[in-house]
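A closer look at the structure
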Amino acid sequence: MKKIILISLVLTTTLISYAQVSLSAGAGIANGFSSDQSFTGLNGGFEMPRSNDVTFYGRIGHYFSRKGENTNTTSAYNNNPNDPIYSIQASYLYKFNYTTIEGGTRYYVMNDYDNGFSAYGGTNFMLSFNSIKRKYERDASYGVDIIENWQNNYSIDPNENEDATIMNLSLGLQGGVKYTIAGTGTVYFDVSGQYTIFNAAQNENFAQNYLNSFDNQYSRLFFIFSVGFRKDLY
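My aim in this report is to walk through the structure given alongside it, one point at a time. Going along each chain's sequence as written, the residues are numbered from 1 onward. Where local features are concerned, this predicted model is filtered to residues with pLDDT of at least 70; where side-chain atom pairs are given and counted, the filter is 80 or more; whole-chain, interface and lining totals use all residues. Water and hydrogen atoms were dropped before computing side-chain values, which therefore reflect all heavy atoms in the structure.

1. Quick look at the pairing of strand β8 (residues 163-181)
Selection criterion: The pairing criterion is simple: DSSP has to find at least two bridges between the two strands. For helices the rule is a DSSP run of H or I covering at least 4 residues; for strands it is a run of E covering at least 2, with both sets numbered from the N terminus onward.
In this sheet, β8 lies alongside strand β6 (residues 117-137) in antiparallel orientation, the contact comprising 17 bridges. In the strand pairing of β8, I132 is matched with A164. In this structure, β8 lies alongside strand β9 (residues 185-202), joined through 17 bridges in antiparallel fashion. The partner of N168 across the bridge, within β9, is N199. Taking the residues between adjacent antiparallel strands as the criterion, β8 and β9 are bridged by three residues, where G183 takes a positive phi near 80°.

Next up, the structure:
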């Protein structure tokens, strides 16, 4: 996430040096086509006109983690070999989120990019990252001391991964509407649909276990709904 923020700052500083550019900020919802859960988040970006009705845009978004609904278990082993309770079953839920970097071309109709009410649409590409982590829970089948302190006294097998990241390259379409208030800025609402054409996972086995679970929130086809405010810089 720190790398994403650094990239954002470098891009913003570079773009401000251009004669005409717009900066935007907003909120959004990401939803996988085959998932029952939605992810809320924030985004920020830029837009540069190539003509009065054609622009290039870029946007970075982060859609916050949500926990799954199904409990899973794994073995945790006692750090003290003399303790009579050698191992316990540790309960956990999966946590999953989206971080997105997108860009593409927009074509405006009815009015120009920086004038009045317009609709827009176009193609885009997206690089997205899904972070998957375990969120350990208390297990009431053991004594209070174990429930409260098991993570201090017990350890998961070090060969058992507890998180993973899936990187995705997607292509898609975007469409929306905006209204520009002269001298103030632009409010907008848009929707993009993305289809992943390539993905790769760090900690492949852990990622595959998640993808095979009942809590799978990952989808190759997903949608992002955004609303926000754009300020034109001249």
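2. Concerning the nonpolar core
What counts is decided by this rule: Note on terminology: a nonpolar core comprises buried Ala, Val, Leu, Ile, Met, Phe, Trp, Tyr and Cys residues joined through side-chain atoms within 4.5 Å. Summary of the burial criterion: residues with accessible area below 20% of their type's maximum are buried, those above 50% are exposed, and those between are partly exposed, where the area comes from a 1.4 Å probe applied to protein chains only.
Membership of the largest hydrophobic core comes to 23 residues, with the highest contact counts inside it found for F96, Y98 and I132. When contributions to this core are tallied by element, the ones reaching two or more residues are β5 (87-109), β6, β7 (154-156), β8, α3 (204-211) and β10 (221-233). Element by element, the count of residues in this core is highest for β5, at six residues.

3. Description of the pairing of strand β4 (residues 72-78)
Residues in a regular strand project their side chains so that they alternate between the two faces of the sheet. For β4 and β5, the ladder comprises six bridges, and the chain directions are antiparallel. Across the sheet, the residue bridging to A76 is I88, located in β5. By the bridge criterion, three bridges tie β4 to β7 in an arrangement that is antiparallel. Opposite N78, over in β7, you have Y154 as the bridge partner.

4. Here's the deal with the packing of aromatic side chains
Any pair of aromatic rings gets described here by the distance separating the centres and the angle formed by the planes. Convention followed: Classification of ring pairs uses Phe, Tyr and Trp, with its six-membered ring standing for Trp, and accepts pairs whose centres are within 6.5 Å; under 30 degrees between planes counts as stacked, over 60 as edge-to-face, and the remaining range as tilted. Charge-over-ring placement is defined geometrically: NZ (Lys) or CZ (Arg) within 6 Å of the ring centre, and within 35 degrees of the ring normal.
For the structure on display, the rule yields 13 aromatic pairs. Geometrically, the ring pair formed by Y92 and Y136 is edge-to-face, given 5.9 Å between the ring centres and 65° between the ring planes. Taken as a pair, Y92 in strand β5 and Y136 in strand β6 lie far apart in primary sequence, 44 residues in all. The pair formed by Y92 and Y136 is uniform in burial state, with each residue classed as buried. Taken together, a centroid distance of 6.0 Å and an interplanar angle of 75° make the contact between Y94 and F206 edge-to-face. Taken together, the residues Y94 in strand β5 and F206 in helix α3 connect sequence positions 112 residues apart. Both residues of the pair, Y94 and F206, count as buried. In this arrangement the basic side chain of R106 is found over the ring face of Y57, its NZ or CZ atom lying 3.9 Å from the centre.

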